[in-house]
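# Residue-level structural notes
These are the residues of each chain, in order.
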Amino acid sequence: MPFKRKGDQYSASFVSKKWSFLLCLGCFYAGMLFTNRVGTVPQSKGIMRKTAMEAENLTLISEGCNLKAKEEKHVSKDIIEEVFKTHHAIHTLDKTISNLEMELAAARAAQESLLGGSLLSTDVNRAESSRKRRYLMVIGINTAFSSRKRRDSVRATWIPQGEKRKKLEDEKGIIVRFVIGHSAMTGGILDRAIEAENQKHGDFLRLQDHVEGYLELSAKTKIYFATAVALWDADFFVKVDDDVHVNIATLCETLVRHRKKPRVYIGCMKSGPVLSKKGVRYHEPEHWKFGAGNKYFRHATGQLYAISKDLASYISINQHVLHKYANEDVSLGSWFIGLDVEHIDDRRLCCGTPPDCEWKAQAGNACVASFDWSCSGICKSADRMKEVHRRCGEGENALWSATF
């Protein structure tokens, strides 16, 4: 076998080690490079792809949440609106039921009055026909057997007569009647005189259950409202004394301002002292009920006042339990204590006689009613009513040209 030289053997061995080292180092870097390409890069792409998908999903979820929040907000608003509508519907229904109950109770009270004989047969027929329409107001003029001259003075001034009075009812919806009961001796000369007067003028409202008397004015007022609300369906019921001058058109204009209010009590409100001393005018036997203050609660003066239909119906329904004080204006005011009633103080319902009402008329502020406080009416009204009407009356055209 051939033998190599020692130098050649060393050189071959050196080259072999050197290239072996380089080859290993190259393999190492090649392996590293391959590992980065195969493992790291795909993983990075995966992470980026996953991150993009998560971001997109988060965006969709966020939009979905916003959309859901908007939908919930819209639904919540709709629910609130429906709740308000429901409350309004319930309130309207309660009001309707209350009105129906009031009308039913009033009808029952009227039926009881009919069965008790408090209305005449002619009044029954009139009630049936008048129920077909709604009137603006009923004016009841409180009068007595001895007041024939007062009634004639009123007929000659502020109440239309004959066909004009019928026109007043048909076109303006205004009923005007003198209100009177019966004498202690039914069918006596006093009652026959009233019947004869009624046949001539046809302007009386007879209260069959009431016996006339000064100390019975509270009872008369109660029966008047109960009878009137049974006969006529009106917005307002007015009581006035037969020695007071009234401008009907101005009264109507005053009342229609409060037409939409359910329970109103309109007049010249006062709160005077309770007179406890016996023998004096307007003495109050039950003065002790008004406490140590010795002063009445607020109520309308008795010369003229108006109440709405609901209050007249209330009186009709509860007439058997409403307490009567000595003074009828106090009695009426007491019946409304504790009720949800609006008291309206209007000083045009209590003007003085000329020159007071005349000056106010010239200033464009016509009075509704005029009288003398010193007489609780117009002093010597049978003689002075025409003068008051001439100086303070609104004029006939005011009534017929007015629209209510």
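Heads up: the structure comes first, above all this text.
Please read these numbers as outputs of a predicted model, since none were measured by experiment. (Residues numbered from 1 in each chain as written. Predicted model: local features only at pLDDT ≥ 70, side-chain atom pairs only at ≥ 80, totals over all residues. Heavy atoms only, no water.)

Applying the stated criterion across every chain yields a total of one cavity of 30 Å³ or more. Size it by volume and the largest cavity reaches roughly 50 Å³. Contributing to the lining of the largest cavity are Gly-140, Ile-141, Asn-142, Val-179, Lys-220, Thr-221, Tyr-224 and Lys-239. Those elements that provide at least two residues to the lining of the largest cavity are β1 (135–142) and α6 (217–231). Here the residues of the lining of the largest cavity sort into three nonpolar, three polar and two charged. (1 Å grid on protein atoms, 1.4 Å probe; cavity = no way out; pocket = protein on both sides within 12 Å on 5 of 7 lines; lining within 4 Å. Points joined across faces, edges and corners; volume = space filled by probe spheres on them. Helix = DSSP H or I, 4+ residues; strand = E, 2+ residues; numbered from the N terminus. Nonpolar A, V, L, I, M, F, W, Y, C, P; charged D, E, K, R; others polar.)

Along the chain, Ala-402 falls in the segment after α12 (396–401). When the C-alpha atoms of Ala-402 and Thr-250 are compared, they prove to be 9.3 Å apart, with 152 residues separating the residues in sequence. Setting aside residues no more than four positions away along its own chain, Ala-402 makes contact with Lys-172 and Glu-253. (Contact = heavy atoms within 4.5 Å.)

With that out of the way, let us pick up the state of the cysteines. Evaluated as defined, the whole model comprises four disulfides. In this model, Cys-351 is linked to Cys-367 through a disulfide, with the two sulfur atoms separated by 2.1 Å. Its S-S torsion of about -90° marks the bond between Cys-351 and Cys-367 as left-handed, since a negative value means left-handed. Here Cys-351, found in the loop between β8 (342–345) and α10 (356–362), pairs with Cys-367, found in the loop between α10 and β9 (369–370); they are 16 residues apart in sequence, far enough to count as distant. Ordering the disulfide-forming cysteines of the protein by sequence position, one finds them joined as 1-2, 3-5, 4-8, 6-7. (Disulfide = S-S within 2.5 Å.)

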